[in-house]
Amino acid sequence: MLATTVQPGTPPPALSRQDAQTVAFWSMVVALVGLLAVVALLSVALQRRRSRERELKREAQRRREDAKKPRPDPWAEAGRRAGSPPPDEPESPTRVAPEPQASAGAARRPVALITGAARRVGRACALELARAGCDIVFTYHSSEDDARELARELAAMGTVVSFHRLDLSDLTAVGAFAAERAEMMHALDILVHNASVYEPSPIDELTPEGITRQYRVNAAAPLILTAGFAPLLRASGLNGGGSVIAFADIHSMGRPRRNFSAYSMSKAALAEMIYSLARDLAPDVRVNGVAPGVVAWPEGGADADPDTQAKYLRRIPLGRAGTPEDAARVVRWLALEATYVTGEIVRVDGGRWLT
């Protein structure tokens, strides 16, 4: 048996010209087949994406058409009436006011959802939008008696109203609330992010829980709620489309106050949400903000001190604090009248921004 010995360092025998051509040919064939496969996969993916986009557009158009149809019973999912339950009736987080009698074929009333509306600025927004002809859904956290009183007042105005307890710091509960309500509600035209946490955060007293709590309530929860209700808002029949309004703060927009870093950061994130969602939800939904200076003094803490308030007032050109109603009227304007305004944050501060 013959054996071939190759000495170390000896180069391998060179391919013949014919063999080299064969290898080159098959290499080109393999590369071409791979390229064609990639092109085919990209084409399939593109077709699927276009098909999905067409499907979403048809669904949005269908929702808009459905929203314009008469809905004499927009709150069929709830069967309660406003007022205190009798002693033998179990407590429920939801009460619904007597429904206004609409004539056959009448257009439905706009529906507004307001967070934290049992008291102060949120309450003023609910009353202002109700006077403008809206039905109201609102949330509260701990002020149940105030929530019931507001529901009775709205019901006496002929407004359809329901209210729900919701802890905005529990983001799992916020997501569940949005999913459940979005499925049960027939329509939603206006979403007002009013509820917030306003707490000092001196640098030597910062805690992870305090920081993240303000972020969850003031920024993350509004984003989750808006995303959950986006399909209903896109289908709104309002002139100008659905409307989202979030309460920002002039002191998180370049006028920071001492010892409020966590609050200011959370509200700055909310302002960025306004700008971002104004693009993400266009052209079907307008997203704007209201940035108060003072429209309702805090009920506790340093800002409740009369001397502190007087010092702040001296820097307001209009010479007075605002009122919840001042803010509520801007909310109504943005929601129902400012049909060509989106991505804006309106300062309601008596000119405090200038000083």
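Predicted, not measured: the structure shown is a model, and the values here were computed from it.

**Q** Now, about the overall build of the chain: what can you tell me, with residues and values included?
**A** Along the backbone of the chain there are eight helices and seven strands. Here the chain holds 355 residues, and 41% of them are scored as buried. Taking the contacts inside the chain whose residues are at least 6 apart along the sequence as the reference set, 77% of them involve residues at least 24 apart. For the chain, the computed accessible surface area is about 19,700 Å², with 56% contributed by carbon and sulfur atoms.

**Q** Explain the side chain of Arg352 to me, using residue names and the numbers behind them.
**A** Mapped onto the secondary structure, Arg352 falls in the segment after strand 7 (345-348). No salt bridge is formed by the buried Arg352, whose closest oppositely charged neighbour, Asp349, lies at an N-O distance of 7.1 Å. Among residues more than four places away in sequence, those in contact with Arg352 are Ile250, His251, Tyr312, Arg315, Ile316 and Pro317.

**Q** With reference to specific residues and values, describe the environment of Ala107.
**A** Secondary-structure assignment places Ala107 in the loop between helix 1 (17-68) and strand 1 (111-114). By relative accessible area, Ala107 is classed as exposed at 68%. Along the chain, Ala107 and Gly237 lie 130 residues apart, while their C-alpha atoms are 9.9 Å from each other.

**Q** An account of the environment of Pro110 is requested, with residue identities and associated values reported.
**A** With respect to the element layout, Pro110 can be found in the loop between helix 1 and strand 1. Sequence-wise, Pro110 and Ser236 are 126 residues apart; in three dimensions their C-alpha atoms are separated by 8.5 Å. Apart from residues lying up to four places away in sequence, Pro110 is in contact with Gly133, Cys134, Asp135, Asp189 and Leu238.

**Q** Pulling in residues and values, what's your account of the nonpolar core?
**A** Core analysis: the biggest nonpolar cluster contains 39 residues, and Leu188, Phe229 and Val287 have the highest contact counts within it. Those elements that provide at least two residues to this core are strand 1, helix 4 (171-184), helix 5 (208-234), strand 5 (242-247), helix 6 (261-280) and strand 6 (285-292). For this core, the element with the highest residue contribution is helix 5, accounting for seven residues. If sequence neighbours within four positions are ignored, Leu188 has contacts with Val111, Ala112, Leu113, Phe229, Leu232, Leu233 and Ser236. With 36 residues, the next largest nonpolar core counts Ala118, Tyr140, Ile190 and Leu238 among its residues.

**Q** Provide a residue-level description of the sheet that holds strand 2 (residues 135-140), including the pertinent values.
**A** Strand order in the open sheet formed by seven strands is 3-2-1-4-5-6-7, with parallel pairing between adjacent strands. The sheet is open, and its two edges are formed by strand 3 (161-165) and strand 7, each paired on a single side. Strand-to-strand, the axes of this sheet are offset by a mean angle of 15°, without reference to chain direction. Pairing of strand 5 with strand 6, which is carried by six bridges, proceeds in the parallel orientation. Residue pairing for strand 6: Gly242 is matched across the bridge by Val285. Here helix 3 (residues 144-156) sits on the sheet in contact with strand 2 and strand 3, set at roughly 175° to strand 2.

**Q** I'd like a description of the pattern of salt bridges, backed by residues and values.
**A** Taken as a whole, this structure holds 16 salt bridges when the rule is applied. When the shortest N-O distance is used, the salt bridge between Arg119 and Glu299 registers 2.5 Å. On the criterion of sequence distance, the pair formed by Arg119 in the loop between strand 1 and helix 2 (120-131) and Glu299 in the loop between strand 6 and helix 7 (306-313) is long-range, its members being 180 residues apart. Its relative accessible area of 31% is what places Arg119 among the partly exposed residues. Taken together, the shared-partner salt bridges in this structure form one network comprising Arg119, Arg120, Asp146 and Glu299.

**Q** Please give an account of the confidence of the model for the chain that cites residues and values.
**A** Of all residues in the chain, 79% attain a pLDDT of 70 or more, and the chain-wide mean is 84. Here residues 1-6 is a poorly scored stretch, pLDDT under 50, and it has zero contacts once near neighbours within four places are set aside; other chains count.

**Q** Go over the pairing of strand 6, please, and point to the residues and values.
**A** With eight of its eight residues buried, strand 6 lies for the most part within the structure. Of the two faces of strand 6, the one carrying Val285, Val287, Gly289 and Ala291 and the one carrying Arg286, Asn288, Val290 and Pro292 are both buried. Note that the unit made of strand 5, helix 6 and strand 6 has a crossover that is right-handed. Bridge analysis of strand 6 against strand 7 gives four bridges, and the strand direction is parallel. Bridge pairing in strand 7 links Pro292 to Val348.

Parameters and conventions
Residues numbered from 1 in each chain as written. Predicted model: local features only at pLDDT ≥ 70, side-chain atom pairs only at ≥ 80, totals over all residues. Heavy atoms only, no water. Helix = DSSP H or I, 4+ residues; strand = E, 2+ residues; numbered from the N terminus. Buried < 20%, exposed > 50% of the residue type's maximum accessible area, 1.4 Å probe, protein only. Contact = heavy atoms within 4.5 Å. Areas by Shrake-Rupley, 256 points an atom, 1.4 Å probe, with all protein chains shown as cover. Lys, Arg positive; Asp, Glu negative; His and termini not counted. Salt bridge = Lys/Arg side-chain N within 4 Å of Asp/Glu carboxyl O. Core = buried A, V, L, I, M, F, W, Y, C linked by side-chain atoms within 4.5 Å. Pairing = 2+ DSSP bridges. Axes fitted to C-alpha atoms, helices over the stretch in contact; angles between N-to-C directions. pLDDT = per-residue confidence, 0-100. Right-handed = clockwise from strand over helix to strand, strands pointing away.

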